[in-house]
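Below are the chains, spelled out letter by letter.
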Amino acid sequence: MNVGASTSCFYPLETEKAFDKVCKLGFDKAEIFFNTSSELEEPFVNELKNKADFYGVNVLSTHPFSSALENMCIFGEYQRRFEDFVGLYEKQCHAAAMLGAKVVVIHGARDKRKIELPDEAYFERFSKLIEIGKKEGVMVCQENVHIFKSQHIAFCKRMRAALGDDFHMVFDIKQSIRAGYDPFVFLGEMKDSIVHVHLSDNRVPESDCLAPGKGNFDFGRLFKTLEEASYKGDYVIEIYSKGIDVESDLSFSKEYLKGIY
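Let me sum up the structure you'll find in this document. (Residues numbered from 1 in each chain as written. Predicted model: local features only at pLDDT ≥ 70, side-chain atom pairs only at ≥ 80, totals over all residues. Heavy atoms only, no water.)

1. A few points about the packing of helix α4 (residues 79–99) against helix α5 (residues 119–136)
Here comes step 1: Contact geometry for α4 and α5: axes closest at 9 Å, N-to-C directions at 30°. As far as their axial angle goes, α5 and α4 are roughly parallel. Read as a crossing pair, α4 and α5 show a hand that is right-handed. On the side of α4, the interface is formed by Gln79, Phe82, Val86, Tyr89, Glu90, Cys93, His94 and Ala97, while α5 contributes Arg125, Lys128, Leu129, Ile132, Gly133 and Glu136.
Here comes step 2: Looking at the contact of α4 with α5 residue by residue, the classes come out as 7 nonpolar, 3 polar and 4 charged. (Axes fitted to C-alpha atoms, helices over the stretch in contact; angles between N-to-C directions. Helix = DSSP H or I, 4+ residues; strand = E, 2+ residues; numbered from the N terminus. Parallel < 35°, antiparallel > 145°, perpendicular 65-115°, else oblique. Left-handed = near helix turned anticlockwise from the far one by under 90°. Contact = heavy atoms within 4.5 Å. Nonpolar A, V, L, I, M, F, W, Y, C, P; charged D, E, K, R; others polar.)

This is the structure in structure tokens:
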């Protein structure tokens, strides 16, 4: 198994420079985290695509910078704001398709809002994003994210019931831990819906986000659990750069994970 790495590991380095680092570290799979609207324009996306082709890197997924806006602009109670902003996700999905990615990662709405958008309305809005993705041949997927509605297994199960076969999840280990869930409990409930996985390690309670191999998370059990569920997706390392040597840690993790799977 060859794991990928996310350009977000190098944030706030510019996206194209972060992608350069992922490529030069020898990863043949990557996730692109777009950081601003100009990066969705075709000239910039073509630059990334040319770089991917040059290095022989398969872009698996993209992550919108607008995750920070989704709570208010996509899953807010003001309908016209949704109608004005949904076009941004048409560009997100088009950029993903240009890169050959199959997954677009969505955070969604925050948990415990002052004015709650009913779950049914949330699912309807998400369904519209899914339809935008289908037109481009990409899957728009819900990620489990701490302090967001999707941190709750019960919410994700209701969403799956509402969306049926259109429901797909990106599973993030560190986000599950931050939400107070044993990652294997989350996996046990949602494994049949997971199409993409963000990898990180941990040594709880000291740290909930380490490079794979630097903590005590059971990656062998993770891979076996998903293999038994006939998992066909990919794995991407997503760690945060503060206080670590990202290039060194990613190189270590790449080799570490090869020895497990």
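2. Some thoughts on the nonpolar core
Here comes step 1: Counting 75 residues, the largest nonpolar core has Leu199, Leu222 and Leu250 as its most contacted members.
Here comes step 2: Per-element tally for this core: the top contributor is α4, with 9 residues.
Here comes step 3: Those residues within four positions of Leu222 in sequence are excluded, and the remaining contacts are Ile173, Phe184, Leu187, Leu199, Phe217 and Tyr235.
Here comes step 4: Membership of the second largest hydrophobic core comes to 5 residues, among which are Val103, Cys141, Val170 and Val195. (Core = buried A, V, L, I, M, F, W, Y, C linked by side-chain atoms within 4.5 Å. Buried < 20%, exposed > 50% of the residue type's maximum accessible area, 1.4 Å probe, protein only.)

3. Topic: the layout of surface pockets
Here comes step 1: In this structure, the largest pocket encloses a volume near 360 Å³.
Here comes step 2: For the largest pocket, the lining is made up of 21 residues, of which Phe33, His107, Gln175, Glu238 and Tyr240 are closest to its centre.
Here comes step 3: When residues of the lining of the largest pocket are traced back to their parent elements, those giving at least two are α1 (15–24) and α7 (173–178).
Here comes step 4: In terms of residue class, the lining of the largest pocket is made up of 8 nonpolar, 9 polar and 4 charged.
Here comes step 5: Its boundaries defined by the atoms lining it, the second largest pocket holds a volume of some 260 Å³.
Here comes step 6: What lines the second largest pocket is a set of 22 residues, among which Met139, Val195, His196, Lys232 and Gly233 lie closest to the centre.
Here comes step 7: Where the lining of the second largest pocket is concerned, the elements lending two or more residues are β3 (58–63) and β7 (194–199).
Here comes step 8: Counted by class, the lining of the second largest pocket contains 10 nonpolar, 7 polar and 5 charged residues. (1 Å grid on protein atoms, 1.4 Å probe; cavity = no way out; pocket = protein on both sides within 12 Å on 5 of 7 lines; lining within 4 Å. Points joined across faces, edges and corners; volume = space filled by probe spheres on them.)

4. Topic: the pairing of β7
Here comes step 1: Most of β7 sits inside the fold, with 6 of its 6 residues counted as buried.
Here comes step 2: In this sheet, β7 lies alongside strand β6 (residues 169–172) in parallel orientation, the contact comprising 4 bridges. In the strand pairing of β7, Phe171 is matched with Val197.
Here comes step 3: One ladder, built from 4 bridges, connects β7 with strand β10 (residues 234–237); its direction is parallel. By the bridge assignment, Leu199 is partnered in β10 with Ile237. (Pairing = 2+ DSSP bridges.)

5. Structural notes on the side chain of Thr7
Here comes step 1: Assignment of secondary structure puts Thr7 in the loop between β1 (4–6) and α1.
Here comes step 2: A relative accessible area of 3% places Thr7 in the buried class.
Here comes step 3: Apart from residues lying up to four places away in sequence, Thr7 is in contact with Thr15, Ala18, Phe19, Val22, Glu31, Ile32 and Phe33.

6. Notes on the pattern of salt bridges
Here comes step 1: Overall, the coordinates contain 18 salt bridges when judged by the stated rule.
Here comes step 2: For Lys29, the salt bridge goes to Asp234, with nearest N and O atoms at 2.9 Å. In this pair, Lys29 is assigned in strand β2 (residues 29–33) and Asp234 in strand β10, connecting sequence segments 205 residues apart.
Here comes step 3: Each of Glu131, Lys134 and Asp166 takes part in a single network of salt bridges with overlapping partners. (Salt bridge = Lys/Arg side-chain N within 4 Å of Asp/Glu carboxyl O.)

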